Amino acid sequence: MPRPIASQSPDIPISGSAPFEQPEFLTKAENYDKTYTNEVKAGFPNYAYVRGKNITDHQIDGHWNLFFAQPNILLYPHLWQGNQLVVGSGDPNPPFSLAPGQVGATLDAFNWVPPGGVDLYSMIA
């Protein structure tokens, strides 16, 4: 770290060292498949969002969650389930409610200060 490409997933947009000023753009259908490659720095606050699209024909209610892990332990959730991130308000599980076809996202960014010493992490939403 720092890495110039922090995420290539449309489901976990990274805003880098500051939250997006108006994160509502993440919920627009035309922006859903876009990725945001902002730099992530170890030892400093970084901000990430979780988003998804309801591809069913019924309402879906649930909670957003975001975890981080070293790639070599991804198959063992008991090793990384304690690495849950929280949004700015302190909530680790912000709720969502998505109508059929709707794109939703956390509008309050998850906060993450990557530990130093390891230069590769995976995010799990």
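Look up: the structure comes first, before these words.
Residues numbered from 1 in each chain as written. Predicted model: local features only at pLDDT ≥ 70, side-chain atom pairs only at ≥ 80, totals over all residues. Heavy atoms only, no water.

Q: How should the overall build of the protein chain be read in this particular structure?
A: Regarding its fold elements, the protein chain presents one helix and ten strands. Since a compact globule built from 125 residues should have a radius of gyration of about 14 Å, the 14 Å found for the protein chain is in line with a globular shape. Counted over contacts in the protein chain with a minimum sequence separation of 6, partners at least 24 positions apart contribute 72%. Accessible surface, the protein chain as shown: approximately 7100 Å² in total, 54% of it carbon and sulfur. One way to put it: in the protein chain the 6 positive side-chain charges average out to a point 8 Å from where the 11 negative ones average out. (Helix = DSSP H or I, 4+ residues; strand = E, 2+ residues; numbered from the N terminus. Rg over C-alpha atoms; globule rule 2.2 N^0.38 Å. Contact = heavy atoms within 4.5 Å. Areas by Shrake-Rupley, 256 points an atom, 1.4 Å probe, with all protein chains shown as cover. Lys, Arg positive; Asp, Glu negative; His and termini not counted. Charge placed at Lys NZ, Arg CZ, Asp CG, Glu CD.)

Q: Sorry, what's going on with the packing of aromatic side chains here?
A: Two aromatic rings are characterised by how far apart their centres lie and by the angle between their planes. Summed over all chains, the structure comprises seven aromatic pairs. Ring geometry for Phe20 against Phe25: centres 5.1 Å apart, planes inclined by 75 degrees, an arrangement best described as edge-to-face. With a relative accessible area of 17%, Phe20 lands in the buried category. Both rings, one in Trp64 and one in Phe96, keep their centres 4.5 Å apart while their planes meet at 40 degrees; by these two values the pair is tilted. One end of the pair, Trp64, is in the loop between strand S4 (60-63) and strand S5 (67-69); the other, Phe96, is in strand S7 (residues 95-98), and 32 residues separate them in sequence. Each member of the pair Trp64 and Phe96 is classed as buried. Taken together, the ring pairs in this structure connect Phe20, Phe25 and Tyr49 into an aromatic cluster. (Phe/Tyr/Trp six-rings, centres within 6.5 Å; stacked < 30°, edge-to-face > 60°. Buried < 20%, exposed > 50% of the residue type's maximum accessible area, 1.4 Å probe, protein only.)

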